[in-house]
2 protein chains.
Amino acid sequence: MTTPSIRITDARVIDLRVPTSDQMLGSDPFHKQPDYSSAVLQLQTDAGLTGVSIVFTVGAGTDWICHGIQDLCQLVIGSDLETFTTAPFRLYQRLIDHHQLRWLHDGVFRMAAGAILNAMFDLWAKSQDKPLWKLLVDLKPEQIADCIDWRNISDALSREEAIEILRQRRGEVPRRETEMTQRGPRAYCTAGWLGLSDEQILSTIRKLQSQGFDSFKLKVGRDLQQDVQRIRFMREAIGPQCNLMVDANQYWGLEEAKRHISQYRPYGLKWIEEPIARDDVLGYIELAETFSTSQPNADFGFACGEHAASPVIFKQLLKSGAIQYCQIDAVRVAGVNDVLAIILMAAKYNVPVCPHGGGIALCNMIAHYGMWDQIAASGQGETQLVEYIDFLQEAVEQPVQVRDGAYVPPAAPGWGLEFLPEFIERHRYPDGDVWKNRPAEKKGTAFEA
Amino acid sequence: MTTPSIRITDARVIDLRVPTSDQMLGSDPFHKQPDYSSAVLQLQTDAGLTGVSIVFTVGAGTDWICHGIQDLCQLVIGSDLETFTTAPFRLYQRLIDHHQLRWLHDGVFRMAAGAILNAMFDLWAKSQDKPLWKLLVDLKPEQIADCIDWRNISDALSREEAIEILRQRRGEVPRRETEMTQRGPRAYCTAGWLGLSDEQILSTIRKLQSQGFDSFKLKVGRDLQQDVQRIRFMREAIGPQCNLMVDANQYWGLEEAKRHISQYRPYGLKWIEEPIARDDVLGYIELAETFSTSQPNADFGFACGEHAASPVIFKQLLKSGAIQYCQIDAVRVAGVNDVLAIILMAAKYNVPVCPHGGGIALCNMIAHYGMWDQIAASGQGETQLVEYIDFLQEAVEQPVQVRDGAYVPPAAPGWGLEFLPEFIERHRYPDGDVWKNRPAEKKGTAFEA
């Protein structure tokens, strides 16, 4: 498995935004008018390959992340791909433990660092002409372990335990790979965005059901009575056999969460997502105890992760049994390196990995994690669900596809994040046509409270 | 207490950096060559007053924060000070709960939001011709409570409890104010930076002792044997009566921390600071149990906070008894609003507030919190220590001063963050003389790993 000599020569960072707020798609109690966006990184090389990654955002602030990515590109431009592939942790460390930049913390900094790492992994996979999941599946357990920052998580999962988990799966990997290339990770979809009418929701459900979906999510949070009505409406619409999940997007405080959630018991919910603040580990532990989630007959489980800012937060949630579904995010933490660590911790603690999907091309990335997890880490797909968002796929050459309610396994080399040039030109912020020609009264969306 | 009509007309955001890495001041296991820096915000008004705040950093990345502050200034330019002072939480919410920007999370985003809020509080205090601490002391308990975001912390401290704490102190406030204006918050200082020789450390200690200091800190982390030797050296140098603290700057994992710390028992340390990752709440709880910190005869306590990214992290650390010293930071969280919440939680759980100081002008800010806490919240200064850093005070018109080992209470209106224009001109990055004329081999410091 030799890597051809490839040098990173330049970088292009693009602020890409789509005015999705016009349709109220993606809305929730906090994000009332999201404009699905991505900071797009394209690393140019002297070998004709381009290393691509994105950081998904919801509009304003994409420029903050672009600024950060541009700054961090200094650390890779001029470097060799081979230097990276022989020791992927070295670049991770140069970024995350950078002796001055680390002061900036999680959030924008970790997301920008993740963009660099993910683009390097994209190049690595492309240099081997493999989709990213296949690159990961083919790495030796020790190589996977070498990607990971063990400093702060070893008390929950040691390097040796991680290698052991991967080794134990290894015998079954060929069989699982064959199965998963025939039917990819099982998918679910949000049908109940907050801004939509009952009719819109119902028509979305019917469309999704005709595509084989049997798992649906609903946004809740603001009004207890209304929410219970909407949950009941959804349950009736999908029938008793389908999975129903709700998502509160961190809208509640701990006591408020208990008050709301206790009314949700009768509806056979699979999970309640982000009931409280993203970093409230002790709050999640208290919710798990209050609602006896460790019991086999529990009414529902708790899910979170799309806003968990670091592997340390995941470590605590997994080790303590606070969450029953682990929603990794492909771009909130520091790239493949962090996500591998999180998936392996979830595997050790038997928590299903249910990746978070989103707006522009995030689903293209998480499909790979679903594949790797279900082939090589957890080694099963019975309890896992991967989020699927059915819009903005016109942005990329390789749209994600679902068949029979499951992802079609990505086959293009790398992440499959090749954007259509005309989509980029139209949606570049602020000078693409979509934004330049936008009516004046709508330009202000981003900065209205 | 009426606020004259003052309108914010413009903003200036300055990337200010000092090449302190030349002297190895401020060095620790992670931040090997810090260049103490600040993103400086100056809000101009039509009344001649300028609202100033800073976000302290350690070099590279200051521009990320400047970029963010510049973006957020859109939310205040054109607004009235009175709109802010009648409902300070409204601006907080427009920033922190901004429906698109909140996706950016803590870190750069919360720090930039804090810069805006802190500059508005500076204007508020200046409009009343009061130092910031005095503005806060004179606010009614309900006004303080109205500044705070209760959503995620009410399970640890309710609005009613906070008001009750402040009311109970109120009778003693005039006496405490008189006492504290005579002798400000007791200070401590780091003498043992990692890059310094024994002789340099000893000479620093002697100088500080001659200024009345009796509490000293030492950086540890990388080498157990060397660290124990340095602790012994420091203890011998300062004698048995002085306070000695050590700071590991998150260098260890949990098990490694236990191994190191167990060797520190014999030296009468007051606290061990940041032994593990900033967001590892369960790790802190485990350390507190392992070293029986709740026992009256505990060998030492644990301290952290300078990198705690949100009030939710503080909530968990305080409510669980995981930390014995609460190191608020004036610029890591979202300004006065967040810090008031944290100080009040610390008051409820009887954890001494020991603010984190740093490089350019951070100490000028924390002095105000020391004053307010010790007059109006905890109402005492027996157990509190405020960090003091004795360099770069040539940057500002009103340097912080210590007398008899205590801060001289700030007397200038606002935060007292008026920078000397010539200091700014010389240290502006990258075009100030200090950076423009810097030898080529030193310009690269920021981007060497």
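By the naming in an unreviewed UniProt entry, chain A is L-fuconate dehydratase, taken from Roseimaritima ulvae. The Cofactor (unreviewed entry) comment attached to chain A in UniProt states, word for word, "Mg(2+)".

### Quick look at the relation of the copies chain B and chain A
Structural alignment of chain B on chain A gives an RMSD of 0.0 Å, achieved by rotating through 180° and translating 0.0 Å along the axis. Taken together, these values place the two copies in the relation of a two-fold axis. Of every C-alpha in chain B, the one belonging to B:Gly107 sits nearest the axis of rotation, 2.7 Å from it.

### What about the interface of chain B and chain A?
Opposite the 72 residues of chain B that make contact, chain A presents 72 residues. Interface of chain B and chain A: buried area, both sides summed, is about 6400 Å²; carbon and sulfur atoms make up 56% of it. Inspection of the region where chain B meets chain A yields 4 salt bridges. With a shortest N-O distance of 2.6 Å, B:Asp280 and A:Lys315 are connected by a salt bridge. The biggest single contributor to the side of chain B that touches chain A is helix H1 (residues 62-72) of chain B, with 7 residues. Of the residues contributing to the side of chain B that touches chain A, the split by class is 29 nonpolar, 22 polar and 21 charged.

### Observations regarding the domain arrangement of chain A
Residues and elements named next belong to chain A. Looking at the assigned domains, one finds that chain A contains domain 1 (8-139 + 421-438) and domain 2 (166-407). Taking only C-alpha atoms into account, the centre of domain 1 sits 23 Å from that of domain 2. Listed by partner, the interface residues are 39 residues for domain 1 and 44 residues for domain 2. Of the roughly 3500 Å² buried between domain 1 and domain 2 on both sides combined, carbon and sulfur atoms contribute 71%. Our enumeration of links across domain 1 and domain 2 arrives at 2 salt bridges. The partner of Lys-134 in a salt bridge is Glu-177, with the nearest N and O atoms 2.9 Å apart.

### Some details on helix H3 (residues 88-96) of chain B
All names here are of chain B. For H3, every residue scored as buried is listed here: Pro-88, Leu-91, Tyr-92, Leu-95 and Ile-96. Take H3 and look down its axis: the buried residues cluster within an arc of 120°, on one side only. Where H3 is buried, its residues contact H1, helix H2 (81-86), helix H4 (108-127) and helix H14 (335-348).

### Concerning the packing of aromatic side chains
Applying the stated criterion to the full structure yields 36 aromatic pairs over all chains. Residues A:Trp271 and A:Tyr325 carry aromatic rings whose centres are separated by 5.0 Å and whose planes lie at 45° to one another, so their mutual orientation is tilted. Linking A:Trp271 in strand E7 (residues 271-273) with A:Tyr325 in strand E9 (residues 325-326), this pair joins segments that are 54 residues apart in sequence. Considering the side-chain rings of A:Phe291 and A:Phe300, the 5.6 Å spacing of their centres and the 45° angle between planes classify their relative orientation as tilted. Given a relative accessible area of 4%, A:Phe300 falls into the buried group. Grouped by ring-pair contacts, the aromatic residues A:Tyr36, A:Phe56 and B:Trp103 constitute a single cluster. Above the face of the A:Phe30 ring, B:Arg102 is positioned so that its terminal group lies 3.7 Å from the ring centre. Its guanidinium or amino end placed over the ring of A:Tyr251, B:Arg151 lies 4.8 Å from that ring's centre, counting from NZ or CZ.

### A short note on the sheet that holds strand E6 (residues 243-247) of chain A
Residue and element names in this part refer to chain A. Spatial strand order, E9-E8-E7-E6-E5-E4-E10: 7 strands in an open sheet with parallel pairing. Pairing within the sheet leaves two strands with one partner each, and these edge strands are E9 and strand E10 (386-388). Sheet topology note: the strand E4 (residues 187-192)/strand E5 (residues 215-219) ladder contains 3 bridges and is parallel. Bridge assignment links Thr-190 to a residue of E5, and that residue is Lys-217.

### Re the environment of B:Asp433
Residue placement: B:Asp433 occurs in helix H17 (residues 433-436). Beyond its immediate sequence surroundings of up to four residues, B:Asp433 is in contact with B:Glu425, B:Arg426 and B:Arg438.

### Side note on the confidence of the model for chain A
Mean pLDDT over chain A stands at 95; residues scoring 70 or higher make up 97%. With a pTM of 0.97, the predicted complex shows an ipTM of 0.96.

### Digging into the side chain of B:His356
Along the chain, B:His356 turns up in the loop between H14 and helix H15 (362-377). Classification of B:His356 as buried rests on a relative accessible area of 4%. A distance of 3.3 Å separates a polar atom in the side chain of B:His356 from a polar atom in the side chain of B:Glu306. Once residues lying within four places of it in the same chain are set aside, the contact partners of B:His356 are A:Trp103, B:Glu306, B:Gln327, B:Ile328, B:Asp329, B:Leu362, B:Ile366 and B:Glu387.

### A look at the side chain of A:Asp279
Positionally, A:Asp279 belongs in the loop between E7 and helix H12 (281-290). Excluding residues that lie within four positions of it along the chain, A:Asp279 makes contacts with A:Ile313, B:Asp106, B:Ser310, B:Val312, B:Ile313 and B:Gln316.

### Let's talk about the UniProt feature "domain: Mandelate racemase/muconate lactonizing enzyme C-terminal" (unreviewed entry) in chain A
Within this numbering scheme, the UniProt entry marks residues 198-294 of chain A as carrying the feature "domain: Mandelate racemase/muconate lactonizing enzyme C-terminal" (unreviewed entry). Between the end C-alpha atoms of residues 198-294 of chain A there is a gap of 34 Å, over a span that is 47% helix and 13% strand.

### A closer look at the pairing of strand E8 (residues 301-304) of chain B
Residues and elements named next belong to chain B. The alternating pattern of E8 places Gly-301 and Ala-303 on one face and Phe-302 and Cys-304 on the opposite face, and all of these are buried. Handedness of the crossover joining strand E7 (residues 269-273) and E8 through helix H12 (residues 281-290): right-handed. Two elements, E8 and strand E9 (residues 325-326), share 2 bridges in a ladder whose sense is parallel. Paired with Ala-303 across the two strands is Tyr-325, which belongs to E9. Handedness of the E8-helix H13 (residues 311-319)-E9 crossover: right-handed.

### Observations concerning the packing of H4(B) against H14(B)
All names here are of chain B. At a minimum axis distance of 6 Å, the contact between H4 and H14 shows a crossing angle of 95°. The pairing of H4 with H14 is recorded here as roughly perpendicular in orientation. Contacts between H4 and H14 involve Arg-110, Gly-114, Leu-117, Asn-118 and Phe-121 from the former and Gly-335, Val-336, Asn-337 and Asp-338 from the latter. Each residue belonging to the contact of H4 with H14 can be placed in one class, and the counts come to 3 nonpolar, 4 polar and 2 charged.

Criteria and cut-off values
- Residues numbered from 1 in each chain as written.
- Chains lettered and ligands numbered in written order.
- Predicted model: local features only at pLDDT ≥ 70, side-chain atom pairs only at ≥ 80, totals over all residues.
- Heavy atoms only, no water.
- UniProt positions renumbered as here; feature names shortened; annotations may be inferred.
- Least-squares fit on C-alpha atoms with pLDDT ≥ 70 in both.
- Contact = heavy atoms within 4.5 Å.
- Buried area = accessible area lost by both parts, 1.4 Å probe.
- Salt bridge = Lys/Arg side-chain N within 4 Å of Asp/Glu carboxyl O.
- Helix = DSSP H or I, 4+ residues; strand = E, 2+ residues; numbered from the N terminus.
- Nonpolar A, V, L, I, M, F, W, Y, C, P; charged D, E, K, R; others polar.
- Domains from an automatic or database assignment.
- Buried < 20%, exposed > 50% of the residue type's maximum accessible area, 1.4 Å probe, protein only.
- Arc of directions from axis to C-beta.
- Phe/Tyr/Trp six-rings, centres within 6.5 Å; stacked < 30°, edge-to-face > 60°.
- Lys NZ or Arg CZ within 6 Å of the ring centre and 35° of its normal.
- Pairing = 2+ DSSP bridges.
- pLDDT = per-residue confidence, 0-100.
- Polar contact = N/O pair within 3.5 Å; in protein donor to acceptor, adjacent residues only side chain to side chain.
- Right-handed = clockwise from strand over helix to strand, strands pointing away.
- Axes fitted to C-alpha atoms, helices over the stretch in contact; angles between N-to-C directions.
- Parallel < 35°, antiparallel > 145°, perpendicular 65-115°, else oblique.

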